[in-house]
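Here are the chains, one letter per residue:
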Amino acid sequence: FGEKCMKYGSIDICVVTLNVWPAGERVGYSGVLDLFAEVQCMRSFEHYWPKIAYFLQAQNYAKWVQPHTSVSRQDAANSLLSRFSAFDVRQPGVAEAIRKCRLVLMAEPTSETWGNLFGRGIHRGREGLQAYDLMLRHGPRISDEARGGEDDAQVLRSHWDRSGGLGDTGGP
């Protein structure tokens, strides 16, 4: 019951469920974070955006979500940004989802995000750089904890050089 309420319920249903569920007790199979589990594509992001935005507001997260999980609000927001960093920003809605994650949720790129964009075996060329550029241009300054080091800068530079600054890495 709890899992279905968290995954598919409206904000009201989720609030009522969380209100009666004892703090610290697991809600659903994967816990309270099932609130965000169905966000797997652009269509589901758009559908669930009101619920995502509501429950990731700091005061709402502290009141409704945090008592049922050890995951911080920041980590939950970062995981959504990371999920969308794996998508092609040239596809409809992806750039807007990244902007919303950065501007509204204050999400920051993580090592998983970096891996989705520029990891070994990932050849996204200019599209990966465009996604990273979106993250830099929108939202607050990326914190020192979320910034890469010298090695990461070298990886970014090599991707830029391989793409010729114009096209995809594997392209003509």
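These lines cover the structure that appears in this document, whether it is placed above or below. (Residues numbered from 1 in each chain as written. Predicted model: local features only at pLDDT ≥ 70, side-chain atom pairs only at ≥ 80, totals over all residues. Heavy atoms only, no water.)

Let's talk about the overall build of the protein chain
Then comes step 1: Broken down by element type, the protein chain carries nine helices and zero strands.
Then comes step 2: Going through the 172 residues of the protein chain one by one, you find that 43% of them count as buried.
Then comes step 3: Sequence-distant contacts in the protein chain: of pairs separated by 6 or more residues, those separated by 24 or more amount to 67%.
Then comes step 4: For the protein chain, the accessible area works out to roughly 9300 Å², and carbon and sulfur atoms hold 53% of it. (Helix = DSSP H or I, 4+ residues; strand = E, 2+ residues; numbered from the N terminus. Buried < 20%, exposed > 50% of the residue type's maximum accessible area, 1.4 Å probe, protein only. Contact = heavy atoms within 4.5 Å. Areas by Shrake-Rupley, 256 points an atom, 1.4 Å probe, with all protein chains shown as cover.)

Digging into the packing of helix H5 (residues 73-85) against helix H6 (residues 94-103)
Then comes step 1: Orientation of H5 relative to H6, taken along the N-to-C sense of each, is 160 degrees, at an axis distance of 9 Å. If you check the angle between H5 and H6, you find them roughly antiparallel. In the packing of H5 onto H6, the handedness of the crossing is left-handed. For the pair formed by H5 and H6, the contact residues are Leu80, Leu81 and Phe84 on the first element and Val94, Ala97, Ile98, Cys101 and Arg102 on the second.
Then comes step 2: Per-class residue counts for the contact of H5 with H6 are seven nonpolar, no polar and one charged. (Axes fitted to C-alpha atoms, helices over the stretch in contact; angles between N-to-C directions. Parallel < 35°, antiparallel > 145°, perpendicular 65-115°, else oblique. Left-handed = near helix turned anticlockwise from the far one by under 90°. Nonpolar A, V, L, I, M, F, W, Y, C, P; charged D, E, K, R; others polar.)

Remarks on the environment of glutamine 91
Then comes step 1: Along the chain, glutamine 91 turns up in the loop between H5 and H6.
Then comes step 2: A sequence separation of 49 residues divides glutamine 91 from methionine 42, and the C-alpha atoms of the two residues are 9.3 Å apart.

Overview of the environment of histidine 68
Then comes step 1: The topology assignment puts histidine 68 in the loop between helix H4 (58-65) and H5.
Then comes step 2: Put simply, histidine 68 and valine 32 are 36 residues apart on the chain and 6.2 Å apart in space, counted from C-alpha to C-alpha.

Description of the packing of helix H2 (residues 11-20) against helix H3 (residues 42-55)
Then comes step 1: Between H2 and H3, whose axes approach to 10 Å, the crossing angle comes to 40 degrees. One element, H2, and the other, H3, form an angle in the oblique class. Contacts from Ile11, Cys14, Val15 and Leu18 in H2 reach Pro50, Lys51, Tyr54 and Phe55 in H3.
Then comes step 2: Taken together, the residues that form the contact of H2 with H3 break down as seven nonpolar, no polar and one charged.

So, H5
Then comes step 1: End to end, H5 covers 19 Å across 13 residues, agreeing with the expected 18 Å (1.5 Å per residue, within 8%).
Then comes step 2: For H5, every residue scored as buried is listed here: Arg73, Ala76, Ala77, Asn78, Leu80, Leu81, Ser82, Phe84 and Ser85. (Expected span 1.5 Å × (residues − 1).)

Some words on unusual backbone geometry
Then comes step 1: Residues other than glycine seldom take positive phi values, yet methionine 106 does so here, at roughly 60 degrees.
Then comes step 2: Classification of methionine 106 by relative accessible area gives partly exposed; the value is 38%.

Thoughts on the nonpolar core
Then comes step 1: By size, the foremost hydrophobic cluster in this structure holds 39 residues, and its most contacted members are Phe45, Ile52, Phe55, Leu56 and Ile98.
Then comes step 2: Of all elements in the fold, only helix H1 (2-8), H2, H3, H4, H5, H6, helix H7 (111-118) and helix H8 (125-137) reach the threshold of two or more residues within this core.
Then comes step 3: The biggest single contributor to this core is H3, with seven residues. (Core = buried A, V, L, I, M, F, W, Y, C linked by side-chain atoms within 4.5 Å.)

Points about the side chain of lysine 51
Then comes step 1: Mapped onto the elements, lysine 51 comes out in helix H3.
Then comes step 2: Buried charge without a partner: lysine 51 forms no salt bridge, and the closest opposite charge is glutamate 38, 8.9 Å away.
Then comes step 3: Beyond its immediate sequence surroundings of up to four residues, lysine 51 is in contact with Cys5, Met6, Lys7, Tyr8, Gly9, Ile11, Cys14 and Leu35. (Lys, Arg positive; Asp, Glu negative; His and termini not counted. Salt bridge = Lys/Arg side-chain N within 4 Å of Asp/Glu carboxyl O.)

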